[in-house]
Amino acid sequence: MMKKKVALCCGLLASAVVLGGTILTSVQAATNFGWEVVNGNYYWYENGVKQGTEGRGKEIYDPDSDAWYWLDAIDGGKRAVSKDVYQESLADINGNIGKWVRYDANGRMIKGWQRNGSTNYYFDLTYGTMAKGYHVIDNKLYFFDKVTGISDGKECSWDGINGWVFIDGKQFWYENGVRQGTEGRGKEIADPDTNEWYWLDAVDDGKKAVSKDVYQESLAGPWAEKADGTGKWVRYDSTGRMIKGWSTNEKGDTYYFDFQYGTMAKGTVTIDGKEYKFDAVTGILIDKDVAPTAEPTVAPTAEPTVAPTAEPTAEPTAEPTSVPTTAPTTVPTAEPTAEPTSVPTTAPTTVPTAEPTSAPTAAPTAQPTTAPTGKPPVQSGGINGSGSMVK
């Protein structure tokens with residue numbers, strides 16, 4: 001009997017797998033967390049359940065190796081290697097969601113520079129987000145292709161820079177090499193790459209505002225607060241884009257923002273031929289049962305008459321703070337494009353009490369066209385000093 005027990009013990013030890021300090025056997029995998037190796041492929045278990053088999057897959061963090069990995073659903077949850085993946089997880093310090101990340105030949109998420117001759121990439125040191133557009137890294141300006149993320153790795157000149165520049169994870173807008181939105185209260189700008197409007201907040205030295213309500217003294221359409229057609233509250237979501245159409249926040253409060261001017265609806269208004277009643281101060285829909293479940297079918301077609309010069313829509317950078325449990329399967333749809341035409345001049349004395357709403361969370365399913373190669377891990381563009389705002 002003793003010989004049989006020893007033989008069984010030896011058999012279990014012989015079948016043990018060690019990876020990053022986590023030891024699993026085929027028996028232990030049924031109850032423990034960690035990696036299990038089957039035919040040379042790595043799979044991750046939690047409470048005895050194989051992860052990453054549903055949806056597109058799952059991103060997981062292994063504390064023993066201090067690295068992030070991707071479990072690919074198309075391979076039955078197998079650990080992905082040498083692959084680019086789009087993820088609906090935190091991408092930067094501003095709380096933006098959605099990023100392209102890269103996993104090396106060992107399956108670890110790549111961080112920092114990945115250099116290969118004239119083909120260079122950079123991945124945020126915290127979130128692993130692939131750099132695109134203009135980024136300041138170690139106090140030097142670099143440009144990364146807006147689609148592929150490829151850079152020549154050479155420092156750029158600030159002369160003539162137009163568009164977004166990422167500095168320490170924050171996003172700023174430049175025109176002819178000059179940072180905008182640093183004077184007065186800030187500045188409203190239109191980005192032709194996204195066809196969206198944004199607010200540059202002077203209280204943050206021109207940083208792109210996110211999850212914020214702003215009062216603007218510009219054309220507001222039929223819901224204008226003033227007789228001359230100006231004065232409106234607008235809202236910017238967690239990505240900084242001006243919200244249009246129906247919007248419900250995490251508290252369950254529903255709002256509506258004009259598709260052309262972004263004006264928050266207040267009082268009794270008609271939308272798509274139907275009458276709705278909103279709180280006259282906060283803009284919250286009073287009768288929630290009448291709110292539609294889909295976006296209105298009618299939207300303006302006019303484009304903004306003034307827009308800054310084009311530049312990249314670079315992605316921010318940063319690593320998830322918790323382990324996602326599922327991956328997205330759809331691509332976000334585009335917002336309507338029209339804007340008002342006038343310039344803000346003064347600020348109101350009242351502010352709404354409602355909180356801003358959150359950003360869409362859907363993600364594309366396609367992978368980038370470039371192969372991974374690395375090692376481990378209508379309204380014018382506003383003027384300075386327009387309106388007043390609250391967080």
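Above this text is the structure in question.
It should be emphasised that the depicted structure is a prediction, and the values quoted were computed from it without experimental measurement.

**Student:** Where do I start with the overall build of the protein chain in this structure?
**Tutor:** When helices and strands are counted, the protein chain shows one helix and 27 strands. For the protein chain, the accessible surface area stands at approximately 18,000 Å², while carbon and sulfur atoms represent 52% of it.

**Student:** What is the right way to look at the packing of aromatic side chains in this model?
**Tutor:** Given two aromatic rings, their pairing is described by the distance between the two centres and the angle made by the two planes. Per the stated rule, a full pass over the model turns up 19 aromatic pairs. When the centroid spacing of 5.1 Å and the interplanar angle of 45 degrees are considered together, the rings of Tyr61 and Trp68 count as tilted. What makes Tyr61 partly exposed here is its relative accessible area of 26%. With a centroid separation of 5.3 Å and an interplanar angle of 70 degrees, the aromatic rings of Tyr215 and Trp233 are classed as edge-to-face. With Tyr215 in strand S21 (residues 212-219) and Trp233 in strand S22 (residues 230-236), the pair connects residues that are 18 residues apart, well separated along the chain. Here the two residues Tyr215 and Trp233 agree in accessibility, since each one is buried.

**Student:** In this structure, what is going on with the side chain of Arg235? I would like to understand it.
**Tutor:** In this structure, Arg235 sits in strand S22. According to the relative accessible area criterion, Arg235 is buried, its value standing at 0%. Within polar-contact distance, the side chain of Arg235 engages the side chain of Asp213 at 2.6 Å.

**Student:** Which parts of the structure should I look at to understand the nonpolar core?
**Tutor:** Judged by nonpolar contacts, Trp223, Trp246, Tyr256, Phe259, Ala265, Val269, Ile271, Tyr276, Phe278 and Leu285 together constitute the single largest core of ten residues. Contributions of two or more residues to this core are made by strand S25 (267-271) and strand S26 (274-278).

**Student:** Just checking my understanding: could you explain the environment of Gly153 for this structure?
**Tutor:** Mapped onto the elements, Gly153 comes out in the loop between strand S14 (140-144) and strand S15 (163-167). With 40 residues separating them along the chain, Gly153 and Trp113 place their C-alpha atoms 9.3 Å apart. When near neighbours in sequence (up to four residues on either side) are disregarded, Gly153 contacts Arg115, Asn120 and Tyr142.

**Student:** Honestly, the pairing of strand S13 (residues 133-137) in this entry has me stumped. Any pointers?
**Tutor:** If a strand is regular, its side chains alternate between the two faces of the sheet. A large share of S13 lies buried, amounting to five of its five residues. Where S13 hands over to S14, the hairpin turn is made up of two residues, of which Asp138 adopts a positive phi near 50 degrees.

**Student:** What am I meant to see in the pattern of salt bridges here?
**Tutor:** Charged atoms that come close allow side chains of opposite charge to pair. The tally for this structure, following the rule as stated, stands at eleven salt bridges. Of the charged contacts, one joins Lys58 and Glu46 as a salt bridge, the two residues approaching to 3.4 Å between their closest N and O atoms. Here Lys58, found in strand S6 (residues 57-62), pairs with Glu46, found in strand S4 (residues 41-46); they are twelve residues apart in sequence, far enough to count as distant. Asp84 serves as the salt-bridge partner of Arg102, at 2.6 Å between the closest nitrogen and oxygen. A residue pair is termed long-range when its members are at least 10 positions apart, and Arg102 in strand S10 (residues 97-103) and Asp84 in strand S9 (residues 83-90) qualify at 18 residues.

**Student:** Would you mind showing me how to read the sheet that holds S6 here?
**Tutor:** Adjacent strands of a sheet form backbone hydrogen bonds with each other and so pair up, either parallel or antiparallel. Reading across the sheet, the three strands line up as S6-S7-S8 and stay open at both edges, with antiparallel pairing between neighbours. The sheet is open, and its two edges are formed by S6 and strand S8 (78-79), each paired on a single side. Note: strand S7 (residues 67-72) against S8, two bridges, orientation antiparallel. Bridging across to S8, Leu71 finds its partner in Arg79.

**Student:** Explain the environment of Lys244 here, please?
**Tutor:** By the secondary structure assignment, Lys244 is in the loop between S22 and strand S23 (245-248). According to the relative accessible area criterion, Lys244 is buried, its value standing at 3%. In sequence terms Lys244 and Met264 are 20 residues apart; their C-alpha atoms lie 8.9 Å from each other. Within the local environment of Lys244, its side chain forms a polar contact with the backbone oxygen of Phe259, the two atoms lying 3.5 Å apart.

Analysis parameters
- Residues numbered from 1 in each chain as written.
- Predicted model: local features only at pLDDT ≥ 70, side-chain atom pairs only at ≥ 80, totals over all residues.
- Heavy atoms only, no water.
- Helix = DSSP H or I, 4+ residues; strand = E, 2+ residues; numbered from the N terminus.
- Areas by Shrake-Rupley, 256 points an atom, 1.4 Å probe, with all protein chains shown as cover.
- Phe/Tyr/Trp six-rings, centres within 6.5 Å; stacked < 30°, edge-to-face > 60°.
- Buried < 20%, exposed > 50% of the residue type's maximum accessible area, 1.4 Å probe, protein only.
- Polar contact = N/O pair within 3.5 Å; in protein donor to acceptor, adjacent residues only side chain to side chain.
- Core = buried A, V, L, I, M, F, W, Y, C linked by side-chain atoms within 4.5 Å.
- Contact = heavy atoms within 4.5 Å.
- Pairing = 2+ DSSP bridges.
- Salt bridge = Lys/Arg side-chain N within 4 Å of Asp/Glu carboxyl O.

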